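# Fold and contact review
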Amino acid sequence: MFEMRSIVKHFGSVKALNGACLSVKPGEIRALLGSNGSGKSTIVKIMGGIVRANAGELLMDGVPIRIESAADSRSFGFAVAYQELSLLPQMSVIDNIMLGHEYTRRGGLLDEKRRRESVRGLLERLEIKCSPDALVQNISPSEQSMVEVAKALSREPKFLLLDEVTASLHHDEVESLFRVLREEKAKGVSILIVTHRMNEIYQVCDSATIFRNGATAAEGPMSRFPLNEVIYHMTGTRVKEEAAAAPRSTAKGQDALLRVEHLTMKPKVSDISLHVDKGEIVGIGGLEGQGQAEYMKAIFGDLTPDAGEMWFEGRQLRLKDTSQAVKRGISYISGDRTKESVFSLRTIEENLTAGDAALGGVWSWVSAKKIRKMAGDAVERYQIKIGAITDSASSLSGGNQQKLAIARGIAVGPKLLLLNDPTKGVDINSRNEIHKILRDSSAEGMGVLLVSSDTEELLGICSRIYVFYEGRVVAELSGDQRTEENIVRAMIGGAPEGREEAGT
Amino acid sequence: MKRLLYRLKTAPYFTGLILFLTILALNVVIQTPARFFSAANINSLVAKNLPLILITMSQGLLMMSGVIDFSVGVQVSLSNVIAIMIPQSLGLPIWVGWLCAVAGCVAVSAFNGFITTYLRIPVLLSCYSMVFVVKGLNVLIMPKPQGSVPPVIYKTYDSVLLGFLPFSALILAAVLLFWLYLKRTAFAKALYATGGNLRHAYSSGINTSAVRMKVYLIAGVINGIAGLCMTAMTASGDPNAGEVYGLKTVAACILGGISMSGGWGTLSCALYGALLLILTQNGVSNLFNFLSRAIPGFSVTNYWQNFASDLIILLALILTVFTNKAMMGSIKKQADYLALGGKRNEA
Ligand SMILES: Nc1ncnc2c1ncn2[C@@H]1O[C@H](COP(=O)(O)OP(=O)(O)OP(=O)(O)O)[C@@H](O)[C@H]1O
Ligand SMILES: [Mg+2]
């Protein structure tokens, strides 16, 4: 049994942890919950030996221990899959998994055969499809997350810590991950999962610890925490159960805002047509890498399609680059924050207002006061947890960085908002808040096109859902056809039940 | 076969190899195959340029681990002056002097490594100031070019074994063999990881400081040996001869395909890069010789020759940067394609 007592950690003036307690028993799967910025990743990093606590006690079976380095952490049997991943993109999958605990033969030479065998075994066990020799930079984000898990597992840990690894995983990947976790649990491994996907914790977790503002708000077996309890402990206030209004289209019909016809981009997208009406939230579902990202980027002018036409507000849309899209009133937000949405070295303020700056010319005047006010408003509206508005964006927690990107996209008041998995790693409370903002803006006439890996999110706010499979639309679901079952079936290429829908 | 070709195309040294082969072909054309591949010519090429090749390799190692060191050039001179002066002024046996020469370079590299990895002084800052410190040291030890070495040493260094194998090539082969061994150890993986991303390597349980330190020590040894080769080649000491090499090694590494930001490349990249540099210079000077013989009254100074070869190298650098970018794109596409194909097969 491992215990942490009254852990304190501050980064400058920001208190990330303020007397947090946490314990894990052998053979249990524990959920670590909390809103964005409540200190979950920080406590995981302390266990991983890459952040040192300012105060507090660590007890291993009742004996005080110190974790001073990543090597210490390993020697106590910890292995961590980090939220922002710890992979080396230029190295192969094998090298990444075996890094730091290589099998060697006489004379210090690597035992290639054993390395390969053990990595093969792991990849098979987790059902990761990529080749062991592929460079990590060339595999998909969800595969990268799985490799990060494989890397932690390969150390045969006593304590396995998973920090939001499921955020970029898809349905079946999550399934195989959970199967492996149950196997490990049976072997007596202690597992700690950090996640914002609430349905997952009820599937696998035995107990939960809930953080609020860097301190432990509640702790106990899972049975004590139904969803509204969890949210209460995360936020500290009881919200009235607001019957989530079934999404309904406020669109007036015929009034198409965006119309895309026969868009083709080899090899990812082949002949996809769709339309978004004014005031409509349209969803795009499907497994990862079925062409959704490319499709969105083509609409935003980031990629040039091979064929196909687009109309926006009745006029043909031909974009040479993204700045033209912004000028016409199209805004794009990506869930891949490290690569596409956050300027991690710039300040929070600059991040929030960069979109607005793009509206003017390169040299147009930007008033400092106006910017500060805008940024302040956004921080309040989206409940972004920050130290100072002039801190760098990289100092924020993962979910809060994501909120930065969303706030920036909506702040410019676009007519069409393109969202690519925008709520990845955003806590449940803020996610509801973001959904509300989307609904409100769409009621005012904004069109939204949302790609999401989260079926619940699609069902929750979209009035129409297209499902992509291998670069084609296999289903267009609206009205009471929008069921989880239909989406999941279409995701693996099957047609929806009932009326045959727009197909190949 | 297709796989092999793919492997070759994705190897870090691919562009370096192509560039090298191109310039090699040009050299052969200019000099005629018979003359270019004559034992004497090959021997003189390798022997004359071995110091540069060796320190390019140590620079390559450093760059792969994510640091850079301009002082490799002056370290060659340091080794050179120590190797000459210890026997000459202290009357000690030559081997003592030579050992001290290598030890001197290791000490300089170790110090450099210590201040960059443990004191966290920015790499460019520390190595740049080291250049001046070591330069001063060299002149203190040997104020002006002087000294000599016993004939047996430079004769051996210049000799050709079995009628075709330059002795100097053996030294090069030894260093390459050492790398072949190193590449198959856990240390190499740790080195790439450290160069690729220090924080990620550290959180994977790698003692990144120790890795960097070891790389600096290995580089020091290689620099020392390069200095000894220089001593054997020139058969005398010169406190300033090595300085020009410092920046050239960086250019050579980049030409060979080693990434400036670390974590990518192999020592063959350094080798091809260095050879590219050497053959360019060689080719240009031969070309000008040929021209001055062919066209009566045509003569140019060395400066023009240097200018021409530097221009070629600049062009090659630009080309390398562009092809690397394009290549990464095509690798990605290929990987996507393979991934898609894989999925189709299953369905
Ligand atoms: N290196 C740092 N410098 C400054 N502040 C930091 C740093 N790392 C974390 N913080 C701050 O500490 C707080 C806790 O961050 P942490 O990453 O632990 O949150 P989290 O619970 O993991 O959130 P999320 O669910 O969004 O991942 C945040 O307010 C964050 O801004
Ligand atoms: Mg986190």
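Everything below is about the structure shown above.
Notes on the structure follow. (Residues numbered from 1 in each chain as written. Chains lettered and ligands numbered in written order. Predicted model: local features only at pLDDT ≥ 70, side-chain atom pairs only at ≥ 80, totals over all residues. Heavy atoms only, no water.)

### Observations concerning the pairing of strand 1 (residues 2-11) of chain A
Residues and elements named next belong to chain A. Here strand 1 pairs with strand 2 (residues 14-24) via 8 bridges, running antiparallel. Bridge assignment links Val-8 to a residue of strand 2, and that residue is Asn-18. Linkage of strand 1 to strand 2, two consecutive antiparallel strands, is achieved through a turn of 2 residues, within which Gly-12 is found at a positive phi near 60°. In terms of strand pairing, strand 1 meets strand 4 (residues 55-60) through 5 bridges, oriented antiparallel. The partner of Met-4 across the bridge, within strand 4, is Leu-58. (Pairing = 2+ DSSP bridges. Helix = DSSP H or I, 4+ residues; strand = E, 2+ residues; numbered from the N terminus.)

### Some words on helix 8 (residues 227-235) of chain A
All names here are of chain A. Among all positions in helix 8, only Val-230, Ile-231, His-233 and Met-234 are buried. The buried side chains of helix 8 occupy one side of the element, clustering within an arc of 165° when seen end-on. Of the surrounding elements, those touching the buried residues of helix 8 are strand 3 (29-34), helix 7 (198-204), strand 9 (207-212), strand 10 (215-221) and helix 15 (428-443). One or two residues past the end of helix 8 sits Gly-236, with phi positive at roughly 85°. (Buried < 20%, exposed > 50% of the residue type's maximum accessible area, 1.4 Å probe, protein only. Arc of directions from axis to C-beta. Contact = heavy atoms within 4.5 Å.)

### Some words on the coordination of the magnesium ion (ligand 2)
Residue and element names in this part refer to chain A. Every protein donor of the magnesium ion (ligand 2) is accounted for by Ser-41 (OG) and Gln-83 (OE1), and the metal-donor separations fall at 1.9 to 2.1 Å. Taken together, the positions of Ser-41 in helix 1 (residues 40-48) and Gln-83 in the loop between strand 6 (78-81) and helix 3 (93-98) put the pair 42 residues apart, joining distant regions of the chain. Since its relative accessible area comes to 17%, Ser-41 is described here as buried. A relative accessible area of 15% means that Gln-83 is categorised as buried. (Donors = N, O, S within 2.8 Å, 3.2 Å for Na, K, Ca; no water.)

### Quick word on the nonpolar core
Core analysis: the largest hydrophobic core is formed by 88 residues, its most contacted members being B:Leu54, B:Met57, B:Leu61 and B:Met64. Of the residues forming this core, the biggest block, 12 residues, is contributed by helix 4 (residues 39-64) of chain B. Discounting residues that sit within four places of it in the chain, B:Leu61 has contacts with B:Trp179, B:Leu191, B:Val215, B:Ile218, B:Ile222 and B:Leu267. Membership of the second largest hydrophobic core comes to 50 residues, among which are A:Ala81, A:Val93, A:Ile97 and A:Met98. (Core = buried A, V, L, I, M, F, W, Y, C linked by side-chain atoms within 4.5 Å.)

Remember that the coordinates give geometry; whether it matters functionally is a separate question.
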